[in-house]
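Examination of the molecular architecture
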Amino acid sequence: MSTVSLLKKKVQIVLEKKQIQHVTAKVGLVLDISGSMRKLYNDGTVQKVVDRILAVASQFDDDGALDVWIYDNEFTRLPQVTEKDFAGYVNEQILTNDTIHKFGRNDEPKVMKDVLQKYLKEEPSELPVFLVFINDGGCKSGIKKFIVGSSDKPIFWQFVGVGDANFDVLRKLDTMDGRMIDNANFFHFMNIETVSDEELYDQLLNEFPMWLREAKQKSIVK
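Along each chain, residue indices are assigned from 1 in the same order as the chain's sequence is written. Given that this is a predicted model, residues contribute local features only at a pLDDT of at least 70 and side-chain atom pairs are listed and counted only at 80 or more, while totals for whole chains, interfaces and linings are drawn from all residues. Just so you know, side-chain values use all the structure's heavy atoms and leave hydrogens and water out.

Some remarks on empty space enclosed by the protein
- A 1.4 Å probe that fits but cannot get out identifies a cavity on a 1 Å grid over protein atoms alone, an open set with protein on both sides within 12 Å along at least five of seven lines counts as a pocket, and a residue lines either if it has an atom within 4 Å of a point. Grid points are joined across faces, edges and corners, and a volume is the space filled by probe spheres set on the points. Evaluation of the coordinates by the stated rule reveals two cavities of 30 Å³ or more.
- When its volume is computed, the largest cavity comes out at roughly 40 Å³.
- Val49, Arg52, Ile53, Val132, Ile134, Val160, Ile192, Leu200 and Leu204 are the residues that line the largest cavity.
- Broken down by secondary-structure element, the contributors of at least two residues to the lining of the largest cavity are α3 (45–60), β4 (129–135) and α8 (197–204).
- With three residues, α3 is the single largest residue contributor to the lining of the largest cavity.
- Gly is placed with the polar residues, together with every amino acid not listed as nonpolar (Ala, Val, Leu, Ile, Met, Phe, Trp, Tyr, Cys and Pro) or charged (Asp, Glu, Lys and Arg). When the residues that make up the lining of the largest cavity are grouped by side-chain class, the tally is eight nonpolar, no polar and one charged.
- Considering the residues around the second largest cavity, the lining is formed by Met37, Leu40, Thr45, Val46, Val49, Ile134, Val162 and Ile192. Only DSSP runs of H or I covering at least 4 residues are called helices, and only runs of E covering at least 2 are called strands; the numbering of each starts at the N terminus.

Pasting the structure below:
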């Protein structure tokens, strides 16, 4: 049985606990690949993150595939990852791909603009989007424009901080004004590789159900 198959069972338990086991949604993953993330890519931590988020996509994504972006001061929209091709995904699609810009500075607004381009313009759908955004600090304040601007759209931004850097911008998400509904959440792990699957999924899926209920009430999602 594959790693993802085992993880899917853990996801299902959390989905049932939060009463969203019948939800169908698109799932996306944005990965910070700025210079300070180099160690986490090289030691396999980022591959494990992909595996763990793929398990979420496999449980309630409309096609079982995970959309993936990476970004530093540039961004790349990567091929989708599925249960058939997740093994070695980070090494094959990112680390050994010389066409991808990596280990530079971080610039979140550029990749956020492309996320909205994909889900709202290229592939508009009535399905909600659960977007997991991994960042290791120093997030630019320009993200506010995109979060506020998409608060009436079917996208929930779940930011996950890793490491011990400055997360001041992300910590202010819950008090960000000017939004139709609260469409973003943030939590932080010092060492994501030591966090249990159960705790990770509980945190990841903590506010999404609340957003989903309010988004349905306001006809943002069907």
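Considering the pairing of strand β5 (residues 155–162)
- When a residue's accessible area, from a 1.4 Å probe over protein chains only, is under 20% of the maximum for its type it is buried; when over 50% it is exposed; and in between it is partly exposed. Most of β5 sits inside the fold, with eight of its eight residues counted as buried.
- Here β5 shows two buried faces, one formed by Ile155, Trp157, Phe159 and Gly161 and the other by Phe156, Gln158, Val160 and Val162.
- Any two strands are treated as partners once DSSP identifies two or more bridges connecting them. Relative to β5, β4 is paired through seven bridges, and the arrangement is parallel. Each bridged residue has a counterpart across the sheet, and for Ile134 the counterpart in β5 is Val160.
- The crossover handedness rule: strands pointing away from the viewer, path from first strand over the helix to second strand clockwise, crossover right-handed. Taken together, β4, helix α6 (residues 143–149) and β5 form a β-α-β motif whose crossover is right-handed.

A short note on the packing of aromatic side chains
- For this analysis, a ring pair means two rings from Phe, Tyr or Trp (six-membered ring only for Trp) whose centres lie within 6.5 Å, classed as stacked if their planes differ by under 30 degrees, edge-to-face if by over 60, and tilted for the remaining angles. Applying the stated criterion across every chain yields a total of 14 aromatic pairs.
- Ring geometry for Tyr41 versus Phe103: centroids 6.0 Å apart, planes at 80°, classification edge-to-face. Here the residue Tyr41 occupies a position in helix α2 (residues 38–42), and Phe103 occupies one in the loop between α4 (89–95) and α5 (108–122), the gap between them amounting to 62 residues.
- Here Tyr41 falls in the buried class, since its relative accessible area comes to 3%.
- Using a relative accessible area of 18% as the deciding quantity, one classes Phe103 as buried.
- Measuring from ring centre to ring centre gives 5.9 Å for Phe156 and Phe208, while their planes differ by 55°; the resulting arrangement is tilted. Placement of Phe156 in strand β5 and of Phe208 in helix α9 (residues 208–217) is noted, with a sequence separation of 52 residues between them.

Brief notes about the pairing of β4
- Among the seven residues of β4, seven are classified as buried, and the element is accordingly described as predominantly covered.
- Of the two faces of β4, both are covered, the one formed by Val129, Leu131, Phe133 and Asn135 as well as the one formed by Phe130, Val132 and Ile134.
- By the bridge criterion, six bridges tie strand β1 (residues 26–32) to β4 in an arrangement that is parallel. Bridge pairing in β4 places Lys26 opposite Val129.

With respect to the packing of helix α1 (residues 3–17) against α8
- Where α1 meets α8, the closest approach of the two axes is 10 Å, and the angle between their N-to-C directions is 45°. Classified by the angle their axes make, α1 and α8 are oblique. As for how α1 packs across α8, the hand of that crossing is right-handed. Only Asp197, Glu198, Tyr201 and Asp202 of α8 make contact with α1, whose side of the interface consists of Leu7, Lys10, Val11, Val14 and Lys17.
- Among the residues making up the contact of α1 with α8, the classes are represented as four nonpolar, no polar and five charged. Helix axes are fitted to C-alpha atoms over the stretch in contact, other axes to C-alpha atoms as well, and angles between N-to-C directions run from 0 to 180 degrees. Roughly parallel here means an angle under 35 degrees, roughly antiparallel means over 145, roughly perpendicular means 65 to 115, and every remaining angle is called oblique. If you view the pair so one helix is near and one far, a crossing is left-handed when the near helix is turned anticlockwise from the far one by less than a right angle, and right-handed when it is turned clockwise. Here a residue-residue contact requires only that any non-hydrogen atoms of the pair lie within 4.5 Å.

Regarding the environment of Asp85
- As for its placement among the helices and strands, Asp85 is situated in the loop between β3 (75–81) and α4.
- Of the residues examined, Asp85 reaches a relative accessible area of 35% and is grouped as partly exposed.
- Remark: the alpha-carbon pair of Asp85 and Tyr41, spanning 44 residues in sequence, is separated by 18 Å.
- At a separation of 2.7 Å, a polar atom in the side chain of Asp85 contacts the main-chain amide nitrogen of Thr82. Polar contacts here mean pairs of N or O atoms no more than 3.5 Å apart (in protein, one a potential hydrogen donor and the other a potential acceptor; neighbouring residues in sequence count only if both atoms are side-chain atoms).

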